[in-house]
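# Commentary on secondary and tertiary structure
So the chains spell out like this:
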Amino acid sequence: MPSPQRQVSGAITGLLARASPYHSAVTLIEAGNADQPSTSLSSSPKPSKRIKLEVESKTSNISDRTRSTSLRKTSSTVKLEETVSEEDTSSRVKVKSPKKPKPIPQNLDTPHPAPPHWKEVYDSIKEMRAQTVAPVDTMGCEQAQHKEKDPKNRRFAVLVSLMLSSQTKDEVTDAAVEKLRAAVGGTLSVAAIISADDSTISDAIAKVGFWRRKTGYIKKTALRLRDDFDSEVPKTVDELCSLPGVGPKMAFLTLHVAWNLNHGIGVDVHVHRITNRLGWHQRPTKKPEETRLNIQSWLPIELHREINHMLVGFGQTICVPVGPKCDSCTLSTKGLCPSANTKPPRSPKKRKRQSSANLEHESGPKIDIAIES
C-alpha cells in the first residue's frame, strides 16, 4: 500500500535577490512567492529596518574615519608649519642680535705697587726715543688716516691698520694699507670694503700675518659697522672689542688715535716684553692684559696714551727681542735695568791656519820613498 503523500500547506516560497539601494556591492536576499514573478534586480522594494540601520552605521563609520584622518593630517601639517616658522623666526633673531660682548676689565681689585725708580727709567727711555726715528714714527697706525679726507674714513682707516698690524711689522702693515686702499677704489671706507670681493682684499693684504683670517675679519667688521653703528667706528672699548678680530690693544689705540680718547693703555708685544725686562711687575706677567692692568694701576693717567708709542719705538730700535743693544742703552750704564747685559760681546774665535812646517812635525809614521837605480 503506497504511503500517503505529505501535503504542504500554503504557497510555495522562493528566494529573491535584489541590489541594495544604499551600496552597490551589497545584494539583498528576500523570501517571496514562487507563483509571483521574480522581481528584477533594479526593483527597489522597501528594505528591512535592520539592514538599513547596519548600512547607515557602516556609512557613518567610514565618514567618521575619513574625517578623523583628514583632521589628523591637517593638525600635523599645522604643527609642522608652526614648528618650521618658529625655527625660522628664532634663526632670524639670532642672526640679527649679536652676542653681547664681555666687558673689558679696567682696574685691579688690589692695585699693583709702583716699581722703584720708574720715573727715572721712564724719562731716560723718553730721552733716548727723542734721538732716534723708529718705524712706528713713520709707518704706525697714525699714518693710515692722513690720506683720507672724510672723518669717518679716517677713523676707519686707523681701525683697519690696527687690525692688519697684529703679528706684522709696521713696514709690511703700512704697505698693505696702501695697497688695500688702491684696490678698493682709492678710498678706505666701510662701503668700499663691503663692495669689494674677498679675493680683492686678500690679494692686497697677502703679505701680512694671518692674511686669510684678517680678510674675513675686515669684511665682517665693515658689515657690523654699517648695520649697527651707522658706518662709524665705535667710541667705547667694549663695542670695539665686539667687532671680529679686534682685541683690547686695538680698541685702546683706536680710541687714542681715531677719537683722541684716553681710556687705557694699549699693550702690544713690545710693551709686554720691555716692562718685564725692566722688572716693573712683582711677578712676571704672561699675558698682555695682565701687563696692562698692572701698569694702569700705578702709572699716572696722563701717560697712558704716550707709553705705547714710546716703548714700541724703543723696542724696535734698542731693546729689540733678540740681542738687545744694551751697550747703546743709558739704562744699562745707570744700573736701572735688571736685565741689562753688561758683559762685553765675545769676539769670534779665529781659527789658526797651520803652516806646512807645522804639518811636518805632526805625529804619525814617516815614510821614505827611494828609487833604486
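Residues numbered from 1 in each chain as written. Predicted model: local features only at pLDDT ≥ 70, side-chain atom pairs only at ≥ 80, totals over all residues. Heavy atoms only, no water.

## Examining the packing of aromatic side chains
As a reminder, the rule being used: Paired rings are identified among Phe, Tyr and Trp, the last through its six-membered ring, by centres lying within 6.5 Å, and are further divided according to the angle between planes into stacked (under 30 degrees), edge-to-face (over 60) and tilted (the rest). What counts as a helix is a DSSP run of H or I of at least four residues, what counts as a strand is a run of E of at least two, and both are numbered from the N terminus. For the exposure calls, accessible area comes from a 1.4 Å probe over protein chains only, and a residue counts as buried if that area is under 20% of its type's maximum, exposed if over 50%, partly exposed in between. Counted as over-ring charges are cases with an Arg CZ or a Lys NZ within 6 Å of the ring centre that also lie within 35 degrees of the ring normal.
In this structure the tally under the stated criterion is three aromatic pairs. Ring centres of Trp118 and Tyr122 lie 6.3 Å apart, and the angle between their planes is 80°; this geometry places the pair in the edge-to-face category. With Trp118 and Tyr122 both in helix α2 (residues 118-130) and four residues apart, this pair spans about one turn of that helix. The residues Trp118 and Tyr122 share a single accessibility class, namely buried. Members of the aromatic cluster, each reached through a chain of ring pairs, are Trp118, Tyr122, Trp280 and Trp298. Of note, Arg155 hangs over the ring of Trp259, and the distance from its end group to the ring centre comes to 4.2 Å. One cation-aromatic arrangement involves Lys235 over Trp259; the distance from NZ or CZ to the ring centre is 4.6 Å.

## Description of the packing of helix α4 (residues 151-165) against helix α8 (residues 211-228)
Rules: For every element, the axis is a line fit to its C-alpha atoms; helices are fit only across the contacting stretch, and the angle between N-to-C directions ranges from 0 to 180 degrees. For this classification, under 35 degrees means roughly parallel, over 145 means roughly antiparallel, 65 to 115 means roughly perpendicular, and everything else is oblique. In a left-handed crossing the near helix is turned counterclockwise from the far helix by less than a right angle, and in a right-handed crossing that turn is clockwise. Contact criterion: two residues are considered in contact whenever any of their non-hydrogen atoms come within 4.5 Å of each other. Three categories are distinguished: nonpolar for Ala, Val, Leu, Ile, Met, Phe, Trp, Tyr, Cys and Pro, charged for Asp, Glu, Lys and Arg, and polar for the others, with Gly belonging to the last.
Two numbers describe how α4 lies on α8: the axes approach to 10 Å, and their chain directions differ by 155°. Put simply, α4 runs roughly antiparallel to α8. α8 is crossed by α4, and the crossing has right-handed handedness. The residues of α8 that touch α4, namely those facing Phe156, Leu159, Val160, Met163, Leu164 and Ser165, are Lys214, Tyr217, Ile218, Thr221, Ala222 and Leu225. Along the lines of polarity and charge, the residues of the contact of α4 with α8 split into nine nonpolar, two polar and one charged.

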